[in-house]
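Now for the letters of each chain:
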Amino acid sequence: MIIATYNVNGVNGRLPVLLRWLQEKQPDVVCLQELKAPQEKFPEKEINDAGYHAIWHGQKSWNGVAILSRGAEPQEVRRGLPGNDEDDQSRYMEAIVNGILIGCLYLPNGNPSPGPKFDYKLRWFDRLHAHADYLLKENVPVVLAGDYNVIPTGLDAYKPERWVEDALFRPETRAAYKSLVDQGWIDALRHLYPDEVIYTFWDYFRKAYDRNAGLRIDHFLLSPQILDRLVTAGVDKDVRGWEKTSDHAPVWIELR
DNA sequence: ATGCCCTACTTGGTAGGA
């Protein structure tokens, strides 16, 4: 069983790339981020025709998350991260697929930092901590997948010294990610490949992909109840080289 | 230090991304 996460950077603008990748990869479950489409503009028919059920939480222009699955229909558990009723940004949804609780998240970028956007990122992180702790205490198989907008360590950036003042790599951000993982989660790709240079994002600027000037910011956190099913994981890096592609590549895990 | 590119949208210049 393959579960993937993919920040598409506009689900409609990216539709040919997304459909081609779905056809070639045949993932079982996909978490999408940055739909950049209102609820009624999600390409449901095209996704269905590709063989996938979909649930999604859209928003005009920005953000937006979706969970796709083939076979079993995703059973939606929640949309929106608990803890702030006034937060109307579409950044989190959760569903059960094949007995696994899947959380699909798009954590705020937080730049420029410091400032109100960075404060929002850290407050969002606080709410994620609380909810993730609740999920761990359920003692069920959980996969939290998405664009965390966090460079966890210096190994995860092409030139980490360039990122120390950036919201993706500031000490507060790294500390927040570490304290989340330290609740008892397993960073799946880092667990499998502790020393490998792995990137999931390459800037559109400066020929970053050609230079492999990337970042690892899309992550899978696994609850202990599912770790023994983890077989392998990877990044479909070649997709980042396709025409009209996202600045992120799809990332996936394989479970037995 | 800035722009470099790409997205959506009040479709022509902005805002946001990372």
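Named according to an unreviewed UniProt entry, chain A is Exodeoxyribonuclease III originating from Dyadobacter subterraneus. Per UniProt, chain A has the following entry under Sequence similarities (unreviewed entry): "Belongs to the DNA repair enzymes AP/ExoA family."

K.L.:
Sorry, what's going on with the layout of surface pockets here?
P.N.:
To locate leftover empty space, one rolls a probe as large as a water molecule over the atoms. Its volume calculated, the largest pocket comes out at about 640 Å³. Every residue lining the largest pocket is counted, 27 residues in all, and those nearest its centre are Glu34, Tyr106, Asn109, Gly110 and Asn149. Each residue belonging to the lining of the largest pocket can be placed in one class, and the counts come to 9 nonpolar, 10 polar and 8 charged. Within this model, the second largest pocket holds a volume of roughly 280 Å³. Lining the second largest pocket we find 13 residues, and of these Tyr158, Trp163, Arg206, Arg211 and Ala213 sit closest to its centre.

K.L.:
Before we go on, may I ask you to explain the packing of aromatic side chains in this structure?
P.N.:
Ring pairs (aromatic) are described by centroid distance and by the angle formed between their planes. Overall, the coordinates contain 4 aromatic pairs when judged by the stated rule. Ring geometry for Tyr6 against Trp21: centres 5.4 Å apart, planes inclined by 65 degrees, an arrangement best described as edge-to-face. Note that Tyr6 is positioned in strand β1 (residues 2–7) and Trp21 in helix α1 (residues 15–25), a separation of 15 residues in sequence. In this structure Trp21 comes out as buried when scored by relative accessible area, which is 2%. Seen from their ring centres, Tyr148 and Tyr177 are 5.8 Å apart, and the 90 degrees between their planes marks the pair as edge-to-face. Of the two residues, Tyr148 is situated in the loop between β8 (142–147) and α4 (171–181) and Tyr177 in helix α4; the sequence distance between them amounts to 29 residues.

K.L.:
I tried to follow the sheet that holds strand β7 (residues 100–106) on my own but got confused; where do I start?
P.N.:
Whether parallel or antiparallel, the strands of a sheet pair through hydrogen bonds between backbone atoms. Read across the open sheet, the 6 strands follow the order β5-β6-β7-β8-β12-β9; overall the sheet is mixed. The open sheet terminates on both sides in strands that have one partner only, identified here as β5 (75–79) and β9 (186–187). Bridging between strand β6 (residues 92–97) and β7 involves 6 bridges; their strand directions are antiparallel. When the sheet's bridge partners are listed, Val97 is paired in β7 with Ile100. Sitting on the sheet, helix α3 (residues 116–137) is in contact with β5, β6, β7 and β8, with an inclination near 20 degrees to β6.

Cut-off values and rules
Residues numbered from 1 in each chain as written. Chains lettered and ligands numbered in written order. Predicted model: local features only at pLDDT ≥ 70, side-chain atom pairs only at ≥ 80, totals over all residues. Heavy atoms only, no water. UniProt positions renumbered as here; feature names shortened; annotations may be inferred. 1 Å grid on protein atoms, 1.4 Å probe; cavity = no way out; pocket = protein on both sides within 12 Å on 5 of 7 lines; lining within 4 Å. Points joined across faces, edges and corners; volume = space filled by probe spheres on them. Nonpolar A, V, L, I, M, F, W, Y, C, P; charged D, E, K, R; others polar. Phe/Tyr/Trp six-rings, centres within 6.5 Å; stacked < 30°, edge-to-face > 60°. Helix = DSSP H or I, 4+ residues; strand = E, 2+ residues; numbered from the N terminus. Buried < 20%, exposed > 50% of the residue type's maximum accessible area, 1.4 Å probe, protein only. Pairing = 2+ DSSP bridges. Contact = heavy atoms within 4.5 Å. Axes fitted to C-alpha atoms, helices over the stretch in contact; angles between N-to-C directions.

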